[in-house]
Amino acid sequence: MSELSVKKSICPYDCPSSCGLLITIEDGRITKVTNDPEHPVSCDLICEKMRHYEKSIYSEKRILTPLKRNGKKGEGCFTPICWDEAIRIITDHWKSLCETYGAQSILPCVYSGVMSDIQRNCGDAFFNRMGASALVKTLCSSAKGAGYKAVMGSTGCLDPRELKYSDLYLVWGSDLTATRLQTLAMLKGKQQQDKKKMILIDTYESPTARFCDETLILRPGSDGALALSVMHVLQVENLADEEWLLANGEGYEAFAKTLSAFSPEWAETITNIPADRIRELARTYASANSPAIILGSGNSRHKNGGMNVRLITLLSQFTDAWKKPGGGLCGCTPVSGPYVDMSRINRPDFRNTPARKININQIANALSLSGKDVVKSLYVYGCNPLNSVSNQNGMIHGLLRDDLFTVVHERFMTDTALYADIILPATFSVEQNDIYRSYGYCTLGVAKKLIQAPGECKSNWDTFCLLAKGMGFSDSYFSMSEEEILADILAHPTAVTAALSEQEKNILKEGGSVSMPYADHCSIQTASRKFMFYNEDCPVPLATYVPSEKSDYPLHLIAAPDIRSVNSIFHDRTDLMKKRGSMTLLIHPDAAASRNISDGDSVIVKNDIGEAVFTAGIINGIDPDTVVGCGVWSMQDAGGFTFEALTHEDLSDIGEATTLNENRVEVIKQTHP
Ligand SMILES: Nc1nc2c(c(=O)[nH]1)N[C@H]1C(S)=C(S)[C@@H](COP(=O)(O)OP(=O)(O)OC[C@H]3O[C@@H](n4cnc5c(=O)[nH]c(N)nc54)[C@H](O)[C@@H]3O)O[C@H]1N2
Ligand SMILES: Nc1nc2c(c(=O)[nH]1)N[C@H]1C(S)=C(S)[C@@H](COP(=O)(O)OP(=O)(O)OC[C@H]3O[C@@H](n4cnc5c(=O)[nH]c(N)nc54)[C@H](O)[C@@H]3O)O[C@H]1N2
Ligand code: SF4
Ligand SMILES: [Mo]
């Protein structure tokens, strides 16, 4: 008789809901993946991608043994070796680099492949102990975080579950259909019942537009101008909550004096949204009882991204919406305090001297450094920088260096792995133990190891323990098992998790997710207990519009998410990738016509740092000066360079974030494919 069990797990990917999964296992093999009906957020559904998680786990494309390069870098020729040999080669190389160049010549590269706390962060402990260079991990939404914080300090924002109380939704730079499925399901359901208005503010008519009553298409990076002119209208038409703003807004009086200059006519010249529609937006916003702004990260990935977010956040405080349940801003962090004592995992105490810091968005530049700053080894895990980080040409140039020793810990032969000297085989979430914090909701969960890893695949935790042994690090931390470090985390609760009930603590111990309280967002958590129009820690203290930079290239290039992948995850899934079609660049009919481009044509997209070939997709719902690159692509699938070839390494105004939406390009019809 076959043995059958159904166990709880959690989606490990970089997606705001950290959905709960129910995993059916027959004779040690996963046969079915569904939503966990007891999960606080995803009780009703999970996305199409994860409904066949098992296809990736049992994929023929999985890397199952350590591999050593035996051809040229990038060629993809490797020979299987055993773990002992792999660890010996890596640690011998690193010991020699430490002696000759110093430990800072070694650079870890990790981002969001696995979002659970132990597997994602244990490498920090190892590299702290080694004294290696430290990666500044700001590839995603740190400009949004910094912009929100510059206004609200550590005040929690709205939890998406509070959106049921809102009566107007402004979806600001987020494609809910792809990235916030759970939120969309809730809003759509509610909207159908209560006919609540939903307005999309985006740079193109994204798939979310079809769920909205209205779509406002603006020029990329001009969101701050829109928010300012909405505040202008609210002020002029006496729709602002003046009493609240005077009492609770730091620097409000100075800010209010500037508003007269930011009329809708002024904003029209910057955003390309007609002034009348801006006025209408302000009135609709003011007439709602509890309007919610659902803020995505797209508008923050600009050089003025932090300022755009500051102004949108200020708008969320400008009327009396904040006082009402469901009124305010959703999309930053709603948690009321830390759930996990991260210092037990990343061990800042292991580092003896301050680290040399390298920003993840500037790895290509780091690989070009020389002399005492040279990077001689790159260790990549839970990240696929060649597909996700700026300056693809520069990155390849660096990865091709003969004197760069690259190790990639991966599940699949990614573009990045092709350039490795040594590849180590990685596990999937169901083959490891960990604790998960959702970043969009207030949930905490534990997912246990459910199946044996195939071949010789090892988790990040087990791999760093082996590397530590190879390096001769004798700290007891590195001799703990995965179960022991997880038990250690659960045994050291934070103030928030200490308040969980015995029943909830048991759910965590057994494996499962619990709902956590969301913050009281009416209680402002800044030093002065006021929110800040003026913040002296910012490069521009008084919030105001900062224009985008001028460029010689005419078209503004934007990245949009794809529903069939999460960044470069799911590239192994041929069923999903087939549905995704070709690497598409969305373009306005006028911009296409003036370039003699028809729908479906191959087009070369180029600027000063690179070029890539896309398929043109002509749509009306986009500004004539904007083009949109859909999804994250591998060079293997695209057959050449991808979006990342066109993105600079510049950082945002605050938060040191990616500016992957602040790049200009020209588009030319490809005549000889
Ligand atoms: N299916 C799927 N889910 C995902 C991901 C994925 O790739 N696919 N990625 C995951 C990750 S890593 C993240 S960070 C989250 C992201 O999720 P969100 O932060 O909610 O953002 P997105 O849904 O990616 O949508 C970004 C939108 O911003 C728009 N945009 C770009 N520039 C501007 C601008 O200047 N102004 C305005 N108003 N809009 C602008 C783009 O057109 C796009 O529609 O989603 C996660 N979930
Ligand atoms: N064109 C374009 N570029 C983008 C974006 C975009 O929307 N468009 N989005 C940006 C954003 S918001 C983000 S957050 C970044 C994300 O960029 P990355 O952090 O590079 O994320 P992924 O592309 O998902 O690559 C993660 C890799 O980790 C591996 N992995 C998964 N689990 C494990 C594990 O347990 N251990 C190890 N060792 N490896 C594991 C996966 O197989 C995968 O290859 O991309 C950014 N780049
Ligand atoms: S990818 Fe996102 S929507 Fe899909 S199961 Fe994971 S967390 Fe849920
Ligand atoms: Mo992200």
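The structure presented is a predicted model; accordingly, all values stated were derived computationally and were not measured.

(A) Looking closely at the site of ligand 1. By nearness alone, 35 residues border ligand 1, and Ser174, Thr179, Asp202, Asp223 and Ser565 come closest of all. A distance of 3.3 Å is found between an oxygen atom of ligand 1 and a backbone nitrogen or oxygen belonging to glycine 173. One nitrogen or oxygen atom from the main chain of alanine 178 is found 2.9 Å from a nitrogen atom belonging to ligand 1. Contact with the protein chains covers 95% of the free accessible surface of ligand 1, which is 910 Å². Taken together, the elements giving at least two residues each to the shell around ligand 1 come down to helix 5 (176-179), strand 9 (197-202) and strand 22 (555-560). Class assignment of the residues belonging to the shell around ligand 1 gives a composition of 14 nonpolar, 13 polar and 8 charged.

(B) Just the site of ligand 2, in detail. Close contacts around ligand 2 come from 30 residues, with Asn384, Ser388, Glu410, Ser568 and Glu644 the closest. Side-chain polar atom of serine 388 to an oxygen atom of ligand 2: 2.7 Å apart, as the coordinates give it. Contact with the protein chains covers 96% of the free accessible surface of ligand 2, which is 930 Å². Its residues assigned to classes, the shell around ligand 2 comprises 13 nonpolar, 12 polar and 5 charged.

(C) Up close: helix 4 (residues 142-152). When we look at burial in helix 4, the residues that qualify are Ala143, Lys144, Gly147, Tyr148, Ala150, Val151 and Met152. On the buried face of helix 4, the contacting elements are strand 12 (291-295), helix 12 (305-316), strand 13 (328-330) and strand 21 (531-532). Residue glycine 153 follows helix 4 closely and has a positive phi angle near 60 degrees.

(D) Representation of the packing of aromatic side chains. Scanning all chains against the criterion turns up 30 aromatic pairs. For the pair tryptophan 94 and tyrosine 379, a centre-to-centre distance of 5.6 Å together with 70 degrees between the ring planes defines the contact as edge-to-face. Pair noted here: tryptophan 94 is in helix 2 (residues 83-100) and tyrosine 379 is in strand 15 (residues 377-381), with a separation of 285 residues, a long-range link. There is no split in this pair, since tryptophan 94 and tyrosine 379 are both buried.

(E) Structural context of the sheet that holds strand 13. Here we have 5 strands laid out as an open sheet, ordered 10-9-8-12-13, and parallel in their pairing. What marks the edges here is a single partner per strand, and that holds for strand 10 (214-217) and strand 13. Within this sheet the neighbouring strands show an average axis-to-axis angle of 20 degrees, counted without direction. Against the sheet, helix 12 touches strand 8 (168-172), strand 12 and strand 13, its axis set at about 165 degrees to strand 12.

(F) Molecular detail of empty space enclosed by the protein. Enumeration according to the criterion identifies 2 cavities of 30 Å³ or more in this entry. Each pocket or cavity is described by its volume, and for the largest cavity that value is around 160 Å³. Lining the largest cavity we find 17 residues, and of these Cys11, Cys15, Ser17, Cys19 and Cys47 sit closest to its centre. The set of elements that each furnish at least two residues to the lining of the largest cavity consists of helix 5 and helix 6 (181-194).

(G) Representation of the sheet that holds strand 4 (residues 67-69). The strand order across the open sheet built from 6 strands is 5-4-17-16-15-6, with neighbouring strands paired in mixed fashion. In the strand order of this sheet, the two ends are held by strand 5 (78-80) and strand 6 (106-110), each with one partner. Neighbour-to-neighbour, the strand axes of this sheet turn through a mean angle of 20 degrees, independent of strand direction. Of the pairings in the sheet, the one linking strand 4 to strand 17 (residues 422-425) comprises 2 bridges and is antiparallel in character. Looking across to strand 17, one finds that lysine 68 is bridged to isoleucine 422. Contacts from helix 17 (residues 460-471) reach strand 15, strand 16 (405-410) and strand 17, with the element oriented near 150 degrees to strand 15.

Parameters at a glance
Here, residues in each chain are numbered from 1, in the same order as that chain's written sequence. The order in which chains are written sets their letters, starting at A; the order in which ligands are written sets their numbers, starting at 1. With the structure being a predicted model, the display of local features is reserved for residues of pLDDT at least 70 and the display and counting of side-chain atom pairs for 80 or more, all residues being used for whole-chain, interface and lining totals. Hydrogens and water molecules were not included; the side-chain quantities draw on all heavy atoms of the structure. One heavy atom within 4 Å of a molecule or strand makes the whole residue count as near it. Think of a polar contact as two N or O atoms within 3.5 Å of one another; within protein, one of them needs to be a possible hydrogen donor and the other a possible acceptor, and neighboring residues in sequence only count if both atoms come from side chains. Values of accessible area rely on a 1.4 Å probe in the Shrake-Rupley scheme; residue burial ignores everything except the protein chains shown. Helix and strand labels come from DSSP, where a helix needs a run of H or I of at least four residues and a strand needs a run of E of at least two; each type is numbered from the N terminus. In the scheme used here, Gly and all other residues not listed as nonpolar or charged are polar, with Ala, Val, Leu, Ile, Met, Phe, Trp, Tyr, Cys and Pro taken as nonpolar and Asp, Glu, Lys and Arg as charged. Exposure categories follow from relative accessible area, calculated using a 1.4 Å probe and restricted to protein chains: below 20% of the type maximum is buried, above 50% is exposed, and the middle band is partly exposed. Every residue pair with non-hydrogen atoms within 4.5 Å of one another is taken to be in contact. Ring pairs shown here join Phe, Tyr and Trp side chains whose ring centres sit within 6.5 Å, with only the six-membered ring taken for Trp; geometry is labelled stacked below 30 degrees between planes, edge-to-face above 60, and tilted in between. Any two strands are treated as partners once DSSP identifies two or more bridges connecting them. Helix axes are fitted to C-alpha atoms over the stretch in contact, other axes to C-alpha atoms as well, and angles between N-to-C directions run from 0 to 180 degrees. A cavity here means a set of 1 Å grid points, computed over protein atoms only, where a 1.4 Å probe fits but cannot escape. A pocket is an open set with protein on both sides within 12 Å along at least 5 of 7 lines, and lining residues have an atom within 4 Å of a point. Grid points are joined across faces, edges and corners, and a volume is the space filled by probe spheres set on the points.

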